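Survey of secondary and tertiary structure
As a plain string of letters, each chain reads:
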Amino acid sequence: MSAAGTTITISDPYRLARGPNLARGHGGGGPATKRVIVGYGFWLFLLSDIVIFACLFATYTVLANATAGGPRARDIFDLNHVAIETACLLASSFFCGLATIAVARRNQILIQAALIATGLLGLAFILLEASEFAALYARGDGPTRSAFLTGFFTLVGCHGVHVTAGLLWLGTMMAQFFAKGFRPDIGRRFLCFSMFWHFLDIVWVAIFSLVYLVGTRL
Amino acid sequence: MLGKLTWDAIPFDQPIPLISGAVVILAALGVLVWVIAKGWLPYLWKEWITSVDHKHIGIMYVLLGLLMLVRGFIDAIMMRAQQALAFHAQGYLPPEHYDQVFSAHGTIMVLFAAMPLVIGIMNFVVPLQLGVRDVAFPTLNSVSFWLTATGALLVNMSLIVGEFARTGWLPYPPLSELRYSPGVGVDYYLWAVQISGVGTLLTGINFVTTILEMRAPGMTYFRMPMFCWTALASCLLILAAFPVLTATLAMLTLDRYLGFHFFTNEAGGNAMMFMNLIWAWGHPEVYILVLPAFGIYSEVISTFSGKPLFGYRSMVAATLFICIVSFCVWLHHFFTMGAGGDVNAVFGIATSIIAVGTGVKMYNWLFTMYGGRIRFTTPMLWSLGFMTTFITGGMTGVLLAVPPADFLLHNSMFLVAHFHHVIVGGVVFAVLAGITYWWPKAFGYRLEEFWGKAAFWFALAGFYVTFVPLYVVGILGMTRRLQHYDVAEWRPWLMISAAGILVLIAGAICQMVQLSVSFLRRNELRDTTGDPWDGRSLEWATASPPPVFNFAVLPQVQDAEAFWDVKRRAREMHGSGSEPHYEALEMPRNSSTGFVCAFFATIIGFALVWHIWWLMIVGLVGAYATFVVFAWRDVPEYVIPAEEVARLDRANRIARQEAPYGASAI
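Worth saying up front: this structure is predicted, and the values here are computed from it rather than measured. (Residues numbered from 1 in each chain as written. Chains lettered and ligands numbered in written order. Predicted model: local features only at pLDDT ≥ 70, side-chain atom pairs only at ≥ 80, totals over all residues.)

**As for the overall build of chain A**
Helix and strand counts for chain A come out as 8 helices and 0 strands. Reading chain A from its N terminus to its C terminus gives the helix and strand order α-α-α-α-α-α-α-α. When burial is assessed residue by residue, chain A has 32% of its 218 residues classed as buried. Long-range contacts, defined as pairs at least 24 residues apart, comprise 70% of the intrachain contacts of chain A with a sequence gap of at least 6. (Helix = DSSP H or I, 4+ residues; strand = E, 2+ residues; numbered from the N terminus. Buried ≥ 20, exposed ≤ 12 C-beta atoms within 10 Å, placed from the backbone. Contact = placed C-beta atoms within 7 Å.)

Rendered as structure tokens:
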């Protein structure tokens, strides 16, 4: 065994799974394990999704001042409302983390409870967002009012659609854990789900900073 | 109930689309009836439609691409004929129809002919070259294919039900906005490209994962065949560029469907933002197509020169250089936007610099041939034709990269000639080379050489006769997409160009004759050893066609040219080594998920085009249900017993031992 190979420790399961050749950085260790392949593929999907958000951020920034005589960002954002939304989403990510622990311990009650908490907080986030959108619509400041509002509704709404799709996925995950237990393939699927949920958090942090915080200062 | 869909959508008053549509429908029904009458439907369903085998999916991609290539070629014939006739006259195509023809031609050729052909070859070849049994996500691969087929179906549906976009292959706003394009043409474009784009993105994810995480033991990055490197670079570009397309088309969709103001003229919308976004996808898209083409040429030239690829590492570097720089040049598509001299200079220089990477490759191919024992087979002829054609096509590109020159040539026929020069000479030639080169691996018999060479010479000559005159009329001031004209100096050149398309038609006929003749003579052309060309990479190390598991035992790679190395060592040992130890294998089970998904995607797309909202909801619920059913299945794999693996592998080993290594058929 090579010098690099002997440095492998049990605490580094990825490296162990891929053998000593990859540890040397040339990639000669043969096909990776299923868990690595699935996780890797999902990372790539998330990266491509980030590119979609990057486009929406870019267009929002270009259109931010094109208010066409309509309201500006600081006229319509209520930071307290958004702070509660943010707290809900971040807390739901915390419970999603607990669910990861529950999967590692193979604890059915804990996983169901943690996922319900994740889902309810996610739902609260969506409802708060919907109420913000509804209030803007009611005032006549919908996405058709100006290019700025077009960009705003699309960027934030796209994130909202992602969270909604995540909730649908979450419900399916709970049913699968309940019906099929902690099978390896369901564990891999949950790995992807948790990555997705945390990814939505990261995108939201960017939206919170760039759209809401910067917006109210402009 | 049916949204905007009424009997008015069927073009009863326009004979050309009506008759061609009827012919297509009758042909499709005829094939279907024939398949059912012959009792082939269960076989097709089990072995092809629900197959998750990368080889079968690859072949289906190529078939789809070839069909669409014919459709796009017919559009091209119509356009050349129109411009030959429409001097001081209306020609035979009314403007609204002519506009649909050139829009459909571009959309189909780039997205539904070239992309499926390139992705199909990648699908078939990459896992074999990497020495593995399948791609990372086999079922997802099937979903990708069927979503691409859905997009192609929607585009062709627009021929009979409704209309296609009249905006050109990229729907520039404000023309593509609802106010100026109130019909369903742009909507067909949007949903067809959006749905197939999702399929392409999933392919990108699948192949980057496959290439980076699944290779035979010992196949380090710098032992991968060049085609795998170019496929990797292409798929990285798909990952980074296709989401931009998705986002941009989604924005235009929101503008059209919900009255948003991304690209409108009013309420602060910004149409130039569309040009920037669409070309941030569109320019890398060109390299998504041409990088795997470069990979095909590398394999073909190396094999038929009997030498390793010259400058392998510099080729890898040039590929990755092009991969990155292709993202820094998009503004050269609209130098005339008025971004200012500094910005134009940066993008002009970046565009010229890309030619350096391509130049490196040209020299590598030349030096690969230098001192080699060259066999002038059909794939090699396509490669040589590419090298001469692509150099001149690239030169005109460098000319267009100079902003002051571009101001004169922007949107002229010179530009049309340039991009056909590089895409036909680069991608189409490569695909035809690749199909001829890997055909024996896919079907177990070689393609006949005479008709293949005839197809090449007609295509090469026809290409020059068709497109060189277009450079001339471009310099004479002719803009693209003209339905009629009254400048006498253009006329002779457009007539020559129309004559050129006749030569290209002869080439296309030769190509079809080649496929038919080869099929009829398949027993003479049989490839028994699995190595008809004296190949150098791992796909030639297994039988032709390969068994479902590709390799009975995963190869142990010890050299950059894995199979060449195996053959060399086998020669030294006077024959191949002892029989390996066979084990039972697990392979992914077939799945109808891809086909069912595409069925619902077609419903969703059609419903959205015609604003049939209830049908859209039915489609969405169906698609979600399909995913849940797929996620619910308990046995994703089946086992092939060790005896079966051994039986299949022994037959090939015997054939190989009887034929001396290194003695190829040609």
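**Describing the overall build of chain B**
On a plain count of helices and strands, chain B comes out with 19 helices and 2 strands. In terms of principal-axis extent, the alpha carbons of chain B reach across some 75 × 60 × 45 Å. Counting only residues that meet the buried cut, chain B has 53% of its 666 residues in that class. For chain B, contacts bridging at least 24 residues in sequence account for 84% of all contacts bridging at least 6.

**What about the interface of chain A and chain B?**
Chain A puts 35 residues into the contact, and the matching count from chain B is 38 residues. Those elements that place two or more of their residues in the side of chain A that touches chain B are helix 3 (34–63) and helix 7 (147–180) of chain A. In terms of residue count, helix 3 of chain A provides more of the side of chain A that touches chain B than any other element does, 16 residues in total.

**Points about the nonpolar core**
Residues and elements named next belong to chain B. Counting residues in hydrophobic clusters, the biggest one holds 239 residues, and the most contacted among them are Val118, Ile121, Tyr188 and Tyr297. In contact with Ile121, other than residues within four places in its own chain, are Gly58, Val62, Pro292, Ile296, Val431, Gly434 and Trp438. One finds Phe551, Ala552, Leu585 and Val645 within the second-largest nonpolar core, a separate group that totals 5 residues. (Core = buried A, V, L, I, M, F, W, Y, C linked by C-beta atoms within 7 Å.)

**Re the confidence of the model for chain A**
Caution applies to low-pLDDT regions: their predicted coordinates should not be interpreted in detail. Summarising the model, chain A shows a mean pLDDT of 86, and 87% of its residues fall at 70 or more. Scored below 50 in pLDDT, residues 1–24 of chain A makes 29 contacts in the model with residues more than four places away or belonging to other chains. (pLDDT = per-residue confidence, 0-100.)

**What to know about the packing of helix 3 (residues 54–85) of chain B against helix 5 (residues 138–157) of chain B**
Residues and elements named next belong to chain B. It is at 10 Å that the axes of helix 3 and helix 5 come closest, and there the two elements cross at 15 degrees. In terms of orientation, helix 3 and helix 5 fall into the roughly parallel class. Note on packing geometry: the crossing formed by helix 3 with helix 5 is left-handed. The segment helix 3 lies against helix 5, with His54, Ile57, Met60, Tyr61, Leu64, Met68 and Arg71 engaging Pro138, Asn141, Ser142, Phe145, Thr148, Ala149, Ala152 and Asn156. Tallied by class, the residues present in the contact of helix 3 with helix 5 amount to 9 nonpolar, 5 polar and 1 charged. (Axes fitted to C-alpha atoms, helices over the stretch in contact; angles between N-to-C directions. Parallel < 35°, antiparallel > 145°, perpendicular 65-115°, else oblique. Left-handed = near helix turned anticlockwise from the far one by under 90°. Nonpolar A, V, L, I, M, F, W, Y, C, P; charged D, E, K, R; others polar.)

**Overview of helix 4 (residues 95–130) of chain B**
Under the 1.5 Å per step criterion, the end-to-end length of helix 4 of chain B is 50 Å for 36 residues, consistent within 8% with the ideal 52 Å. One or two residues past the end of helix 4 of chain B sits Gly131(B), with phi positive at roughly 75 degrees. (Expected span 1.5 Å × (residues − 1).)

**Things to note about helix 6 (residues 185–213) of chain B**
The end-to-end C-alpha distance of helix 6 of chain B, which contains 29 residues, comes to 42 Å, matching closely the 42 Å that a straight helix rising 1.5 Å per residue would cover. Counting buried residues along helix 6 of chain B, 27 of its 29 residues qualify, which places the element largely inside the surrounding structure.

**Concerning the packing of helix 4 of chain B against helix 13 (residues 413–443) of chain B**
All names here are of chain B. At a minimum axis distance of 10 Å, the contact between helix 4 and helix 13 shows a crossing angle of 35 degrees. In this structure, the crossing between helix 4 and helix 13 has a hand that is left-handed. Across from Ala114, Leu117, Val118, Ile121, Phe124 and Val125 in helix 4, the residues of helix 13 making contact are Val427, Val431, Gly434, Trp438 and Ala442. Split by residue class, the contact of helix 4 with helix 13 holds 10 nonpolar, 1 polar and no charged.

**Thoughts on unusual backbone geometry**
All names here are of chain B. Residue Pro174 is bonded to the preceding Pro173 through a cis peptide linkage, with omega at 0 degrees. Within the secondary structure layout, Pro174 lies in the loop between helix 5 and helix 6. The amide bond that connects Ser544 to the next residue, Pro545, takes the cis arrangement and shows omega of -15 degrees. Position of Pro545 relative to the elements: it lies in the loop between helix 15 (490–520) and helix 16 (562–572). A positive phi is found at Ala267, a non-glycine position, where the angle reads about 60 degrees. Note that Ala267 resides in the loop between helix 7 (226–258) and helix 8 (271–305). A tally of 21 C-beta atoms within 10 Å means that Ala267 is categorised as buried.

**Focus on the environment of Asp565(B)**
Residues and elements named next belong to chain B. As for its position among the elements, Asp565 is in helix 16. Residues Asp565 and Gly65 lie 500 residues apart in sequence; the distance between their C-alpha atoms is 35 Å. Beyond its immediate chain neighbours, meaning those up to four positions away, Asp565 contacts Gln558 and Asp559.

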